[in-house]
Structure formats: structure tokens, C-alpha cells
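Results of the structural survey
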2 protein chains.
Amino acid sequence: MTDTPRLDPERTTKRQRTLAALADAGLELFERQGYDATTVGQIARAAGVTEMTFFRYFAAKEHLLLDDPYDPVLIVAIAGQPRADPPFLRAASGVRAAWRALPEPEAPMIRRRVRIIAQTPALRGAMWRSTGNTERAIVEQLVADGATPGVARVAAASVLAALVAGLYSWAEGEDASLADAIEDALDVIVVRR
Amino acid sequence: MTDTPRLDPERTTKRQRTLAALADAGLELFERQGYDATTVGQIARAAGVTEMTFFRYFAAKEHLLLDDPYDPVLIVAIAGQPRADPPFLRAASGVRAAWRALPEPEAPMIRRRVRIIAQTPALRGAMWRSTGNTERAIVEQLVADGATPGVARVAAASVLAALVAGLYSWAEGEDASLADAIEDALDVIVVRR
DNA sequence: CTCTAAATGTTAGTCACTAACATTTAGCGC
DNA sequence: GCGCTAAATGTTAGTGACTAACATTTAGAG
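Residues numbered from 1 in each chain as written. Chains lettered and ligands numbered in written order. Predicted model: local features only at pLDDT ≥ 70, side-chain atom pairs only at ≥ 80, totals over all residues. Heavy atoms only, no water.

1. Some remarks on the domain arrangement of chain A
Residue and element names in this part refer to chain A. Spelled out, the test is: The domain boundaries here were taken from an automatic or database domain assignment. Here a residue-residue contact requires only that any non-hydrogen atoms of the pair lie within 4.5 Å. Summed over both partners, the accessible area (1.4 Å probe) lost when two parts come together is defined as the buried area.
Here chain A is partitioned into domain 1 (14-61) and domain 2 (71-189). Spacing between the C-alpha centres of domain 1 and domain 2 amounts to 28 Å. On the domain 2 side, the residues contacting the 6 residues of domain 1 number 6 residues. Together, the buried faces of domain 1 and domain 2 total about 560 Å²; carbon and sulfur atoms form 72% of this surface. Three residues, Leu27, Glu31 and Tyr35, lead the burial of domain 1 against domain 2; their summed loss comes to 76% of the area buried on that side.

Take a look at the structure:
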């Protein structure tokens, strides 16, 4: 769901710099004064750029926090689950595997983002809409492996909900490991064998 | 989560009439031209009223569709579950019981609303934010009955996600019974005994 | 039928976001 | 280093959701 308008791959580097400047400025301002109280204009100015330019990098204010490129990994992980298992279990195990494979160093940044999201009702909604894409992808995979669409949708939705809830809880704390938090969340829902 | 500014209970009836007019006009316009393409001004005009007045009845455009007074029933139902069961099961059974108790005649109206929501990404997000309140209430109840906050949050979130997913599937069709659809959705997640 | 509170209207403004068009600047080939 | 072009940014103007302060009408309790 990234919407950086990448026209010509690797033409310049200026683009990457302003992108980083905007992302940094946004995250800092959100943390300092809250998401709702922060204006797109403020972020742009802090990054030494115009409001218009902001929207050339992020289609919406919320996209500053909701750019997740994690979907493909997840799908592969789910596809790798044993077909004999019911869809719900396959989805859960896939999510477990995918997040266990996430590089540790990313955790702190994820934590900062998730914290802001958890604190902002508008963003919690946006988060869910964002996972809508992930959900669709999971459903596709489950159906391809023989599940009913209705069943697949419920399985995907509830597993993702557990994941997100786990992320929120994890982000509140300081020391817990991301992978462990996800494991614990999924254990609430799935009967471990 | 109703935000009709009810100042003096049962003082007049004009209020109820304009409220109904706005709700009807909104639903019809949404169905005819889509949610995003429908302007609050249009709804207001169709109801013979000013845009400003609309916002005196609904705090936001989305509230036309997301006014659910079902929470209290749900909480009672969850509280009535056997404490011996794990939180996840208690939440699921509570939801099941609550929706089984819903009066049949309400179904068609719910279907119209859910259909619009399901078709509109922005509303899917809003829907989730709206269930946030329900989620909080469920978590409170589960914790009061001895669950860990972390566990309770995951349980509540995933059960609600299953419920919503079930609602979306149900709304697509024409004839299925609401209660049955919810049952089926929850069966995907919970191991029935 | 009156009189007050409730209901509605008016005006003006903010913020997220879009579109069309003008201008600068960065970095490639030379 | 230097020019040239495409990429990056800016400008202006506008829409739609929503808020606030204040003025006006109207409905209905007495």
C-alpha cells in the first residue's frame, strides 16, 4: 500500500532525502503534540518544504504511519502452512511465522509508530482500513487452498485483529520482544498443539 | 455512542421528525450515488434543512450509519457466561447470545447499512473505530471476571472482527438469517463443544 | 395565546486534500 | 565545469467535512 509515486527507478537521491525529512518531522511532531493537533502544513514546514509537496510523497496524512510493506512475506508464510489444517489455523500460523522472521532492528521504529496509532482513534480506524488489503490477500490465499470465502474472511479478519491487538499491547511496554508479543496474542485465540 | 444532544427528555417531537428525515435522506442518497459522492449539503437539502443543522444531529457524516445502541445488551450477555470458560470463549459466546436475541424486524435496516459500509473503505475504517468502544466495554467485563488485560484485548478484538466479517458476508446475500450468519462466523474461530 | 426555550439559520473560518499550471533545481551526458 | 532536460517543487484556486459565535424563527408548554 505504498504510494510513493516512483516514476523512474533510482534516478536521483533528492527524493529520498525529502522523503526521510518528511517522515522524521512527522513522527517527531506527532509524538510531541499528538496526531490530530499536528497539521500537514507544520510537517511540511519542518521538513523545509511546501504542504503541496507533502501530498506528493504521502497520499494522506495517515500514510506517514501506515506504510507497511509486510504483506508479501505474510502471504508466502500462509501459503507454506499445511493444507490439512483448517483455514483459521493456517492464517494464524502464517502470521506467527512471518512476524518471527521480522528483523529485530525494525522493532523500535515500529513501536514508535504503533504507539501513536494506538493513542489516536482516527488512526485506529485507518489502521484497520489499511489491514483491509492484507485481509484480502490472506483471503485469496486461503481460498486458493480450498477454503470457503465466508470462512476465509472471518479467519483472516480475526487473526489480523488479534495481531493488531497484540501490537498495541506490546507498544505500550518497553522491553518485551515483538515476536514473543505476537506469539502470546495468537495463543489467546488458537488452540496450540 | 449516540450523540444526539438530547437536552430535555421528550420535550418536543419536531426533533424526531427532522432526525428521521435526515436519516432517511442520507441512507437513500448513499444507496443511490455512493457514500463518498454524497455531500452532507445534499442530505441536508433533501431533508429540507441546512448543512449546519445536519451536524447538530450527527457529529459526523459517518454517524448516519454507525449509531449502534447494541453495546449494553452485549455486555450483559458476556457477563452471563460461565467464569470457568477462558476469556476468548466467554466473549464469543456472549456475542452469539446477544445477537440471537436481536429482534428480527431490525434485520433489513441493518442489512442496508452494513451493505453501504462494506462497500466503502472509509466506512470500514470508521466501523472499526466505532467498535472500539464495544471492545473497551468487553475488555472491562472480561477483566472484571479475572482475565489479563492483554488477553482480554486480543479476545475482544478478534471476536468482534469475526462478528463484523460475518456481518459483511451476511449483508451481501438476501435471504440468510442474521443470527445464523453470526453463528457460522463464530464457529470458524471457536471450537464448539 | 403568549412567551420562552428549542430549533434552525448565517457567516466566517480551519484543515485535509485535489487539480492545473508555472518555476526551479538537480544530476546526467558531454 | 556546463548545459540541458526531466524531476522536484511551488503557486493559486477550489471542494468538502467540520467548528464556533451569534442572530432569528418557530413550536409547544402553560
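2. Re the relation of the copies chain B and chain A
Formally: A residue counts toward the fit only if its pLDDT is at least 70 in both copies, and the copies are then superposed by least squares on the C-alpha atoms of those residues.
You can overlay chain B on chain A at an RMSD of 0.0 Å; the transform is a turn of 180° with a shift of 0.0 Å along its axis. In short, the pair behaves as if placed about a two-fold rotation axis. Interface residue correspondence from chain B to chain A reaches 100%, placing this contact among same-surface, isologous pairings.

3. Some points on helix H8 (residues 149-172) of chain A
Think of an α-helix as 3.6 residues a turn; residues three or four steps apart then line up on the same face. Selection rule: By the criteria applied, helices consist of DSSP H or I runs no shorter than four residues and strands consist of E runs no shorter than two, each listed in order from the N terminus. Given a helix with a known number of residues, its expected span is that number minus one, times 1.5 Å. Working definition: with a 1.4 Å probe on protein chains only, accessible area under 20% of the residue-type maximum means buried, over 50% means exposed, and in between means partly exposed.
In a regular helix each residue adds 1.5 Å, so 24 residues correspond to 34 Å; H8 of chain A covers 35 Å between its end C-alpha atoms and thus fits that length. Of all 24 residues making up H8 of chain A, 18 are buried, and the element is well covered by its neighbours.

4. Re empty space enclosed by the protein
How we decide: The distinction between a cavity and a pocket rests on a 1 Å grid over the protein atoms alone: a 1.4 Å probe fits inside a cavity but cannot get out, while a pocket stays open yet meets protein on both sides within 12 Å along at least five of seven lines, and a residue with an atom within 4 Å of a point counts as lining. Grid points are joined across faces, edges and corners, and a volume is the space filled by probe spheres set on the points.
As enumerated under the stated definition, the model contains 3 cavities of 30 Å³ or more in all. Its boundaries defined by the atoms lining it, the largest cavity holds a volume of some 80 Å³. Around the largest cavity, the lining residues are Arg124, Ala161, Val164, Ala165 and Tyr168 of chain A together with Trp128, Gly132, Glu135 and Ala157 of chain B. Considering every element that reaches the lining of the largest cavity, the biggest residue donor is H8 of chain A, with 4 residues.

5. With respect to the packing of aromatic side chains
Ring pairs (aromatic) are described by centroid distance and by the angle formed between their planes. Residue and element names in this part refer to chain A. The condition is simple: Two rings belonging to Phe, Tyr or Trp (six-membered ring only in the last case) form a pair when the distance between their centres is within 6.5 Å. Interplanar angles under 30 degrees mark stacking, angles over 60 mark edge-to-face geometry, and anything in between is tilted.
Scanning the model with the defined rule gives 9 aromatic pairs over all chains in all. Geometrically, the ring pair formed by phenylalanine 54 and phenylalanine 58 is tilted, given 5.5 Å between the ring centres and 35° between the ring planes. On the basis of relative accessibility, which here comes to 0%, the residue phenylalanine 54 falls in the buried class. What makes phenylalanine 58 buried here is its relative accessible area of 4%. Centroid distance tyrosine 70 to tryptophan 99: 5.8 Å. Interplanar angle 45°. Geometry classified as tilted. Of this pair, tyrosine 70 sits in the loop between helix H3 (51-57) and helix H4 (71-79) while tryptophan 99 sits in helix H5 (residues 87-100), and the two are 29 residues apart along the sequence.

6. Examining the nonpolar core
What counts here: Grouping buried Ala, Val, Leu, Ile, Met, Phe, Trp, Tyr and Cys residues that are joined through side-chain atoms within 4.5 Å yields what is termed a nonpolar core.
With 128 residues, the main nonpolar core has Trp99, Ile138 and Leu178 of chain A together with Trp99, Ile138 and Leu178 of chain B as its most contacted residues. Excluding residues that lie within four positions of it along the chain, tryptophan 99 of chain A makes contacts with Leu163, Leu167, Leu178, Ala179 and Ile182 of chain A.

7. Points about the interface of chain B and chain A
Which entries qualify depends on this criterion: Salt bridge, as used here, is a side-chain nitrogen of Lys or Arg placed within 4 Å of a carboxyl oxygen of Asp or Glu. Nitrogen and oxygen atoms within 3.5 Å of one another constitute a polar contact, given that in protein one can donate a hydrogen and the other can accept it, and given that sequence-neighbouring residues count only through two side-chain atoms.
Taken together, the 24 residues of chain B in the interface contact 24 residues of chain A. Interface area, chain B with chain A, both sides summed: about 2,000 Å², of which 73% is carbon and sulfur. Between chain B and chain A we count 2 salt bridges in total. Glutamate 172 of chain A is paired through a salt bridge with arginine 153 of chain B; the nearest N and O atoms lie 3.1 Å apart. Put simply, chain B and chain A have 4 residue pairs in polar contact (both at pLDDT 80 or more) between them. Listing elements by their share of the side of chain B that touches chain A, those giving two or more residues are helix H7 (121-144), helix H8 (149-172) and helix H9 (178-189) of chain B. Counting residues per element, the side of chain B that touches chain A draws most heavily on H8 of chain B, which supplies 13 residues.

8. Some remarks on the packing of H8 of chain B against H9 of chain B
All names here are of chain B. Rule in force here: Convention adopted: a line fitted to C-alpha atoms gives each axis, helices being fitted over their contacting stretch, and angles between N-to-C directions are expressed from 0 to 180 degrees. An angle counts as roughly parallel when it lies under 35 degrees, as roughly antiparallel when it exceeds 145, as roughly perpendicular when it falls between 65 and 115, and as oblique in every other case. In this scheme the handedness of a crossing depends on how the near helix is turned from the far one: anticlockwise by less than a right angle means left-handed, clockwise means right-handed. Each residue is assigned to one of three groups, with Ala, Val, Leu, Ile, Met, Phe, Trp, Tyr, Cys and Pro labelled nonpolar, Asp, Glu, Lys and Arg labelled charged, and all others, Gly among them, labelled polar.
Where H8 meets H9, the axes come as close as 8 Å, and the angle between the chain directions of the two elements is 135°. Taken together, H8 and H9 sit at an angle that is classed as oblique. By crossing handedness, the relation of H8 to H9 is classed as right-handed. When H8 is examined against H9, the residues Ser158, Val159, Ala162, Leu163, Gly166, Leu167 and Trp170 are found in contact with a partner set consisting of Leu178, Ala181, Ile182, Ala185, Leu186 and Ile189. Looking at side-chain class alone, the contact of H8 with H9 contains 11 nonpolar, 2 polar and no charged residues.

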